[in-house]
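Here's the letter readout for the chains.
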Amino acid sequence: MLDLSKYDRVFLLTDEQVAASCLPVFYSTIMHQPCMADQLILPSGEQHKTLASVQRIWDFLLENHATRSSLLINLGGGVICDLGGFAAATYMRGIAFINVPTTLLAMVDAAAGGKTGFDYGSPLIKNSIGLFAEPVATIYEPAFLATLPPEQLLSGYAEMIKHAALQSPQALAELLNHDLRDHSSQVFGELINRSVAFKQSIVEQDLHDHGLRQILNFGHTVGHAIEALMLEKSKLPTFNFQLSTTLNSQLSTLNSFPHGYCVMYGIVAEAYLSHLICGLPAEVVSTLSRFMLENYGAAPITCSDYDALLALMQHDKKNKEQGTIVCTLLRSIGQPLVGQTVTPAQLREALEYLCSL
Ligand SMILES: NC(=O)c1ccc[n+]([C@@H]2O[C@H](COP(=O)([O-])OP(=O)(O)OC[C@H]3O[C@@H](n4cnc5c(N)ncnc54)[C@H](O)[C@@H]3O)[C@@H](O)[C@H]2O)c1
Ligand SMILES: [Zn+2]
């Protein structure tokens, strides 16, 4: 149970879909004091991870007289945790916040590690404005996963695959062989705990991302570029995202493309680069490619997107010099190499490989 006695006011930030799916579980299992928090419910989706949403949170806190002794609870996926963390860390030079992740992705990745922020720029750059700020607590409640759509479950699973690829061949094999339809068992709970523990062990050694933590960028140079491209395309009136998953044989149409799907496509492209540049065995690239195709489908890009993707990667905040593109690659599973400079020609080849699948 949460001890809220040291805060003068408690505020709850969530989004529309989470409010509809998770508030009863939140009040019955975590909060135990219904409606003692003022609530702000934002629209759902990555397209709302904007400065305008941050302003809405600041306004909400100001209008409801939040002080430096107040608490903001972020109940939701990575978007809510990132936005709420940033707004709390900047409101009156910083108030306390707690993350209560409700997606698998937020549980294993976004809610822990102290990175907060929002998407900004033209072309849009993911998480281009943000700061490091740690929640006073992160509360894990697997019951939230019961209402999570299958594509969101897969989205989080991609970050777990990333952690396992960085960790060891055994950790990766366990995830690749796990039946993804089984997401409420104790075994799955154990896999989540191990993934969270892995991320925490890395973050504890390098909170401010100066060295070791950069291994967690594996899959994200290409992945973030695909995600930003999808966001740009989503602004076109004729564009619909269609995903097919083996968990759910129907096609779902979404208003934003799940982060973890882009990470899975990025993992495959960067595994290919790892083979090209650092000698990652070709079988590993094929195994990851097969897993991607079976569970996430083909990447939603064509050769006409290469230039835009390369331009987006050149703007990536992970690059130290303008114009160069830097990735985390793998020498083998469990042996990451940070800060690998990749040429545009090598990236083009990796994108061609991804599109050929
Ligand atoms: N700060 C970090 O270190 C970090 C790490 C990884 C990802 N991220 C960020 O996280 C974001 C992606 O997170 P996400 O995938 O959780 O996206 P999200 O927050 O948009 O959630 C995905 C969708 O699921 C809905 N949802 C959430 N929980 C639900 C539940 N239990 N039942 C039913 N529906 C539910 C949401 O309303 C939303 O529509 C990206 O913006 C990414 O950049 C941040
Ligand atoms: Zn990620």
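Residues numbered from 1 in each chain as written. Chains lettered and ligands numbered in written order. Predicted model: local features only at pLDDT ≥ 70, side-chain atom pairs only at ≥ 80, totals over all residues. Heavy atoms only, no water.

Peer 1: Can you walk me through the packing of aromatic side chains in this structure?
Peer 2: Two aromatic rings, taken as a pair, are described by how far apart their centres are and by the angle between their planes. Counted by the stated rule, this structure contains 10 aromatic pairs. Here the aromatic rings of Phe11 and Phe60 are separated by 5.6 Å at their centres, their planes lie at 85°, and the arrangement is edge-to-face. Of this pair, Phe11 sits in strand β1 (residues 10–15) while Phe60 sits in helix α2 (residues 51–63); the two residues are 49 residues apart in sequence, bridging distant segments of the chain. On the numbers, 6.2 Å between centres and 15° between planes, the contact of Tyr157 with Phe188 is stacked. With Tyr157 in helix α5 (residues 150–167) and Phe188 in helix α7 (residues 186–205), this residue pair connects regions lying 31 residues apart in the sequence. For the pair formed by Tyr157 and Phe188, the shared burial category is buried. (Phe/Tyr/Trp six-rings, centres within 6.5 Å; stacked < 30°, edge-to-face > 60°. Helix = DSSP H or I, 4+ residues; strand = E, 2+ residues; numbered from the N terminus. Buried < 20%, exposed > 50% of the residue type's maximum accessible area, 1.4 Å probe, protein only.)

Peer 1: Looking at this model, I keep getting lost on the coordination of the zinc ion (ligand 2). Mind explaining?
Peer 2: Tetrahedral coordination by four donors puts the ideal angle at the metal at 109.5 degrees, and octahedral coordination by six puts it at 90 or 180 degrees. Around the zinc ion (ligand 2), the protein contributes the donor atoms Glu159 (OE), His220 (NE2) and His259 (NE2), which lie 1.9 to 2.1 Å from the metal centre. Counting residues between consecutive donors of the zinc ion (ligand 2) along the chain gives the motif E-x60-H-x38-H. With a gap of 39 residues between them, His220 in helix α8 (residues 220–234) and His259 in helix α9 (residues 259–278) connect regions that are remote in the sequence. Side by side, His220 and His259 carry an identical accessibility label, which is buried. (Donors = N, O, S within 2.8 Å, 3.2 Å for Na, K, Ca; no water.)

Peer 1: Sorry, what's going on with the site of ligand 1 here?
Peer 2: The local shell around ligand 1 holds 27 residues, among which Glu46, Lys49, Thr102, Thr103 and Thr147 are the closest. Between an oxygen atom of ligand 1 and a main-chain N or O atom of Val79, the distance comes to 3.1 Å. Between ligand 1 and the protein, one listed contact pairs a nitrogen atom with a side-chain N or O atom of Asp82 at 2.8 Å. Coverage of ligand 1 by the protein chains reaches 93% of its 870 Å² of free accessible surface. Counting only elements with at least two residues in the shell around ligand 1, the list comes to α1 (16–31), α3 (78–90), α4 (104–110) and β6 (125–132). The element contributing the most residues to the shell around ligand 1 is α1, with 4 residues. By residue class, the composition of the shell around ligand 1 is 8 nonpolar, 11 polar and 8 charged. (Near = heavy atom within 4 Å. Polar contact = N/O pair within 3.5 Å; in protein donor to acceptor, adjacent residues only side chain to side chain. Areas by Shrake-Rupley, 256 points an atom, 1.4 Å probe, with all protein chains shown as cover. Nonpolar A, V, L, I, M, F, W, Y, C, P; charged D, E, K, R; others polar.)

Peer 1: Could you clarify how one ought to interpret the side chain of Asp305 in this entry?
Peer 2: Locating Asp305 in the fold gives a position in the loop between α10 (282–296) and α11 (306–314). Judged by relative accessible area, which is 6%, Asp305 ranks as buried. Beyond its immediate chain neighbours, meaning those up to four positions away, Asp305 contacts Leu229, Lys233 and Pro300. (Contact = heavy atoms within 4.5 Å.)

Peer 1: Help me out: how do you make sense of the state of the cysteines in this one?
Peer 2: One way to say it: the disulfide is the covalent bond shared by the sulfur atoms of two cysteines. Evaluation of the coordinates by the stated rule reveals 0 disulfides. The closest cysteine sulfur to the non-disulfide-bonded Cys278 is located on Cys327, 9.6 Å from its own sulfur. (Disulfide = S-S within 2.5 Å.)

Peer 1: I would appreciate a short explanation of the domain arrangement of the protein chain in the present structure.
Peer 2: The extent of an interface is frequently quoted as the accessible surface area lost upon association of the parts. For the protein chain, the domain assignment lists domain 1 (10–147) and domain 2 (151–356). The C-alpha centroid of domain 2 is placed 24 Å from the C-alpha centroid of domain 1. Residue-level contacts link 21 residues of domain 1 with 31 residues of domain 2. Approximately 2,400 Å² of surface area, both sides summed, lies buried where domain 1 meets domain 2, with 65% of it carried by carbon and sulfur atoms. Looking at the side of domain 1 facing domain 2, the largest losses of area belong to Leu104, Val108 and Lys126, adding up to 25% of the total buried there. (Domains from an automatic or database assignment. Buried area = accessible area lost by both parts, 1.4 Å probe.)

Peer 1: Please clarify how the environment of Val342 should be interpreted in this entry.
Peer 2: Positionally, Val342 belongs in strand β11 (residues 335–342). Look at Val342 and you get buried, because its relative accessible area is 2%. For the pair Val342 and Ile277, spaced 65 residues apart in sequence, the C-alpha to C-alpha distance is 8.5 Å. If we ignore the near neighbours within four places in the chain, the residues touching Val342 are Leu273, Ile277, Ile325, Cys327, Leu329 and Leu347.

Peer 1: For this particular structure, what's the right way to read the nonpolar core?
Peer 2: Nonpolar side chains in soluble globular proteins generally cluster together in the buried interior. One finds Phe26 and Tyr296 to be the most contacted residues of the largest nonpolar core, which totals 95 residues. Considering every element that reaches this core, the biggest residue donor is α9, with 12 residues. In this structure Phe26 touches Leu12, Met31, Ile73, Leu75, Val100 and Phe144, once residues within four positions along its chain are discounted. Counting residues in each nonpolar core, the second largest holds 22 residues, with Leu61, Leu72, Ile80 and Tyr91 among its members. (Core = buried A, V, L, I, M, F, W, Y, C linked by side-chain atoms within 4.5 Å.)

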